Amino acid sequence: MRYSQLFTQTLRELPADAELVSHRLALRAGLIRPLAAGIFSYLPLGLRVKQKIEAIFREEMAAIGCTELLMPIVQPAELWQESGRWDEIGSEMLRMADRAEREMCLAMTHEEVVADLVRHLVQSYRQVPLSVFQIQTKFRDEPRSRGGLIRVREFTMKDAYSFHLDEASLDETYNNMYRAYENIFARVGLGESVIVVESDTGIMGGTGAHEFMYLNPAGEDTLLLCDNCGYRANRQVAGFAKADSERADPMPLEEVKTPGCATIADLAAFLKIPECRTAKAVFMVGRVKGEERFIFALLRGDHELNETKLTNAVKAVEMRPATEEEIRAIGSEPGYGSPIGVNEEVLVVVDDWVSESNNLVSGANKRDYHYLNVNAGRDFEPDVVADLVAVEDGMPCAACGAPLGSVRGIEVGNIFKLGTKYSEGLGATVLDEAGRPRPLVMGSYGIGTGRLLACVIEEYHDEQGIIWPMSVAPFQVHILVLSGKTPKGELEAAERIYRELEAAGVEVLLDDRDERAGVKFNDADLIGIPIRVTVGARGLEKGVVEVKWREQEERVDVGVGELVGYVQTSVGGQ
């Protein structure tokens, strides 16, 4: 490829709205161009990297017997209604109607479509296990697109699906996918920086899930790790060893005046009690079974609410904080909330520690007043009891009791054990050896191409630009032509080298632009192709060209006649 024909543009100025390194460099290097919030065009250099990553996907999926297909991005509502997810998914699904007023959506994922294919094409237990994958566009109407390719609305995903007669067969494929994903991350250069954690099944449902997390301080996810026993979990689902609740005989409920004590800290200081003896009210509104419900969550005063745990506990589709008007409408008061006396339609969800504790202090549903000696079961009845606590650094590990540590991470892949949720909903059954119909057990496995590309940039860069690993670099060699005011055959020599390298199977970008040397060197560092070959008059007079690896400062002179062999050996060793 000749740079003069390359449809791209590098940027000297730092993009004002780009916070992450990968976002800034992808824009500056001319890999992507924004069209709208969370929607990007891939320019030629970015597309080549994307294609390299997807080639690795295909090779690793083929290695475990997973067959490629392609499914539509536009899907009829009927399939999602059969699975039950049409009403379970909120505003992140983009819905529409065709000219016949049939409800449609843009695919966020393809469990329904692949289950529909299987119910029509697979009838016997002899046809399973079966694994298929695709590399296809997805759309999720993210409310907070950020980080360039890290969190987008339109994206490309490698999503795979497997079908099995039983859980044992699913486990085998699940483990094969696990290892294939480890291979993928190693091949793109992230192997040592990616860890696996337990995760929330979210909108996918199912019996279990793991996430592959790229460790990065800019990550959106908090991961809880135990160095003692190896426990790892996303904070969304992480548990901890809760100390036994202090049991005592319930004491009479008592209302006390607590002027200006709208926070747990102020309340504990005023009453001279530890925060763990208070009950914190958190007011939320969620869509549960198709309707909005006011959700009153109650947990220990020194703990924070994990919204994912609360969402799962009430099986809500979406969740948002309640407004002050909504709080007062259910008979409560912001800063002084209590489950005692609120409207009957309120869904009261209590953390399991609170449900087992006696004589706590909670709000009294009126300003400047609290209740002493609040007891669940006597003073109010919880509708749901569940673990609601967001686990923090230093809390004891649920497995061994050692203090947990936390790190930040970016999700680069996930695998799910789906069970029979989709096969039962869409009738994907087979006849077993006894001739009885059985719903197939499913697995689902995803990796986002663009997010993985961004994480490679996060891992491999310096102040000058990107440093691509050879495995995913847009080109392997970048030839720079340095021509003076009176050219001495530099371009012609570079053209010959370019043709010889291409003939030898090397991927080459030839910078044949009429630009200053400084511009070419800066662009080469910014784009980050692994090997730079500089063709200049002085070197040609000696019969050599200058070769430099992007991540190294050292430069070496290589004879023009030996260059092809030198590059082939270098590329082959990467």
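Cut-offs used in this document
- Residues numbered from 1 in each chain as written.
- Predicted model: local features only at pLDDT ≥ 70, side-chain atom pairs only at ≥ 80, totals over all residues.
- Heavy atoms only, no water.
- Helix = DSSP H or I, 4+ residues; strand = E, 2+ residues; numbered from the N terminus.
- Contact = heavy atoms within 4.5 Å.
- Polar contact = N/O pair within 3.5 Å; in protein donor to acceptor, adjacent residues only side chain to side chain.
- Pairing = 2+ DSSP bridges.
- Axes fitted to C-alpha atoms, helices over the stretch in contact; angles between N-to-C directions.
- Core = buried A, V, L, I, M, F, W, Y, C linked by side-chain atoms within 4.5 Å.
- Buried < 20%, exposed > 50% of the residue type's maximum accessible area, 1.4 Å probe, protein only.
- 1 Å grid on protein atoms, 1.4 Å probe; cavity = no way out; pocket = protein on both sides within 12 Å on 5 of 7 lines; lining within 4 Å.
- Points joined across faces, edges and corners; volume = space filled by probe spheres on them.
- Nonpolar A, V, L, I, M, F, W, Y, C, P; charged D, E, K, R; others polar.
- Arc of directions from axis to C-beta.

> Would you mind going over the environment of tyrosine 125 in detail, with residue names and values included?
Inspection of the secondary structure assignment puts tyrosine 125 in the loop between helix 4 (111-121) and strand 7 (130-139). Taking C-alpha positions, tyrosine 125 is 9.2 Å from leucine 440, a pair spaced 315 residues apart along the chain. Setting aside its immediate chain neighbours within four residues, tyrosine 125 contacts Leu165, Val430, Leu431, Asp432 and Glu433. Side-chain polar atoms of tyrosine 125 contact the side chain of arginine 126, separated by 3.3 Å.

> Tell me what's going on with the sheet that holds strand 13 (residues 254-257), and back it up with residues and numbers.
Within the open sheet, the 3 strands sit side by side as 13-19-18. Their pairing is antiparallel. Bordering the open sheet on either side are strand 13 and strand 18 (360-363), each of which pairs with just one other strand. Going from strand to strand, the sheet's axes swing by 30° on average, the running direction of each strand aside. Where strand 18 meets strand 19 (residues 369-374), 3 bridges bridge the pair, whose relative direction is antiparallel. Bridging from a neighbouring strand, glycine 363 pairs with histidine 370 of strand 19.

> Before we move on, could you go through the nonpolar core and cite the residues and values that matter?
Formed by 61 residues in total, the largest nonpolar core has its most connected members in Leu31, Met61, Tyr181, Ile184, Phe185, Leu452 and Trp468. Here tyrosine 181 is in contact with Met61, Lys158, Phe212, Gly413, Asn414, Ile415, Tyr445, Gly446 and Ile447, once residues within four sequence places are set aside.

> If you had to explain the layout of surface pockets to someone new, which residues and values would you point to?
The volume enclosed by the second largest pocket comes to roughly 240 Å³. For the lining of the second largest pocket, the elements supplying multiple residues, two or more each, are helix 6 (264-271), strand 14 (279-288) and strand 18. Examining the composition of the lining of the second largest pocket, we find that 5 residues originate from one element, strand 14, more than from any other. Residues of the lining of the second largest pocket, tallied by class, amount to 11 nonpolar, 6 polar and 1 charged.

> Which residues make up the environment of threonine 308, and what values do they have?
Topologically, threonine 308 is positioned in helix 7 (residues 307-314). With 72 residues separating them in the primary sequence, threonine 308 and glutamine 236 have C-alpha atoms 5.7 Å apart.

> For helix 6, give the residues involved together with the corresponding values.
Buried residues of helix 6: Ile264, Leu267 and Ala268, and no others. Angularly, the buried residues of helix 6 cover 95° about the axis, an arc narrow enough to put them on a single face. Those residues of helix 6 that are buried are in contact with strand 14, strand 18 and strand 19. A positive phi of about 60° marks lysine 272, the residue just after helix 6.

> Which residues make up empty space enclosed by the protein, and what values do they have?
To find leftover empty space, a probe the size of one water molecule is rolled over the atoms. Per the counting criterion, the structure on display carries 2 cavities of 30 Å³ or more. In this structure, the largest cavity occupies an estimated 50 Å³ of space. As for the largest cavity, its lining consists of His478, Ala524, Asp525, Ile529, Arg532, Lys548, Trp549 and Arg550. Contributions of two or more residues to the lining of the largest cavity are made by helix 13 (517-527) and strand 30 (544-549). Tallied by class, residues from the lining of the largest cavity come to 3 nonpolar, 1 polar and 4 charged. When its volume is computed, the second largest cavity comes out at roughly 30 Å³. Ala279, Leu298, Val354, Ser357, Leu360, Val374, Asn375, Ala376 and Phe380 together form the lining of the second largest cavity. Per-class residue counts for the lining of the second largest cavity are 7 nonpolar, 2 polar and no charged.

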